[in-house]
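Residues per chain, in single letters:
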Amino acid sequence: MPAKSAPEERSAWIMLALAVIGYPAYLILLFNGAGAAGRPLAELPFAWPMIWTVLGSIGASIVLHAVFRVYTDLESNKRDERDRLIGRFADRTGQAFVIAGALGGLALAMLAAAPFWIANAIFLGFFCSAILGSIAKIAAYRGAFSRAW
Amino acid sequence: MVRPTAVTNSIRALREAAGLTQAELAGRIDVTRQTLIAVEQGRYSPSLETAFRIARALGVRLDEVFQYPEA
């Protein structure tokens, strides 16, 4: 992460790191959680592993943002028109996976799949959205960005 | 690197002629230093308002700062 990067770019690096670490962490909690041993995949208790992953990500995000805020000067914490434009572009890009996850969940519900699969399709969509959105944001900051995109 | 715009600019030369650092000019036009660097390098086209503020801060006309090639 470049030391002189925009605060929003640093935020994107934090989001990317948390998403990349968060999903494997969820899988570890899922497969090693209480009552997981010996059960078929679709019957694994997934609710608490998901809740802990989300709470852990939010907590880690707050701590990491606070740490970076302390170690950067106030000027570099300012947002301007380019930050807002890139933010909107990254959100739009990431939303593709939220929609894909929702459609996947909808299709699985129509097929009367187990709640495990429906929840996991939507959950995976969130993580893919965070990863794609963060990569889009970092790419826009590092390379060229046009307001026409 | 793909340039997002056909617009070119003379900000760096004008800024240096005015004896301003990137941080000073960025402060005067109310954008971050990262954004000013992106504009100078042609990686970002600023809004019309910001373009006017840049020209005003450098004490020149808008078309002396930004150029758009003839079709």
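Here the structure is a predicted model, which means the values were calculated and not measured.

**Focus: the interface of chain A and chain B**
Here comes step 1: Listed as interface residues are 17 residues of chain A and, on the opposing side, 16 residues of chain B.
Here comes step 2: Across the chain A/chain B interface, buried area totals approximately 1400 Å², and carbon plus sulfur atoms make up 45% of it.
Here comes step 3: On inspection of chain A and its partner chain B, the count reaches zero salt bridges.
Here comes step 4: At the surface where chain A touches chain B, the tally comes to seven residue pairs in polar contact (both at pLDDT 80 or more).

**A closer look at the pattern of salt bridges**
Here comes step 1: All told, the structure shown has seven salt bridges over all chains when counted by the stated rule.
Here comes step 2: Here Glu8 of chain A and Arg79 of chain A are joined by a salt bridge, their closest N and O atoms 3.0 Å apart. Here the residue Glu8 of chain A occupies a position in helix α1 (residues 7-32), and Arg79 of chain A occupies one in the loop between α2 (47-70) and α3 (81-110), the gap between them amounting to 71 residues.
Here comes step 3: The buried category is assigned to Glu8 of chain A, whose relative accessible area is 16%.
Here comes step 4: Salt-bridge contacts for Glu40 of chain B lead to Arg15 of chain B; the nearest nitrogen and oxygen are separated by 2.5 Å. A residue pair is termed long-range when its members are at least 10 positions apart, and Glu40 of chain B in helix α3 (residues 33-40) and Arg15 of chain B in helix α1 (residues 11-17) qualify at 25 residues. There is no split in this pair, since Glu40 of chain B and Arg15 of chain B are both buried.
Here comes step 5: Here the salt bridges do not stand alone but share partners, grouping Glu8, Arg79 and Lys137 of chain A into one network.

**Observations regarding the environment of Ala144 of chain A**
Here comes step 1: By the element assignment, Ala144 of chain A lies in the segment after α4 (115-142).
Here comes step 2: Classification of Ala144 of chain A by relative accessible area gives buried; the value is 11%.

Conventions used here
- Residues numbered from 1 in each chain as written.
- Chains lettered and ligands numbered in written order.
- Predicted model: local features only at pLDDT ≥ 70, side-chain atom pairs only at ≥ 80, totals over all residues.
- Heavy atoms only, no water.
- Contact = heavy atoms within 4.5 Å.
- Buried area = accessible area lost by both parts, 1.4 Å probe.
- Salt bridge = Lys/Arg side-chain N within 4 Å of Asp/Glu carboxyl O.
- Polar contact = N/O pair within 3.5 Å; in protein donor to acceptor, adjacent residues only side chain to side chain.
- Helix = DSSP H or I, 4+ residues; strand = E, 2+ residues; numbered from the N terminus.
- Buried < 20%, exposed > 50% of the residue type's maximum accessible area, 1.4 Å probe, protein only.

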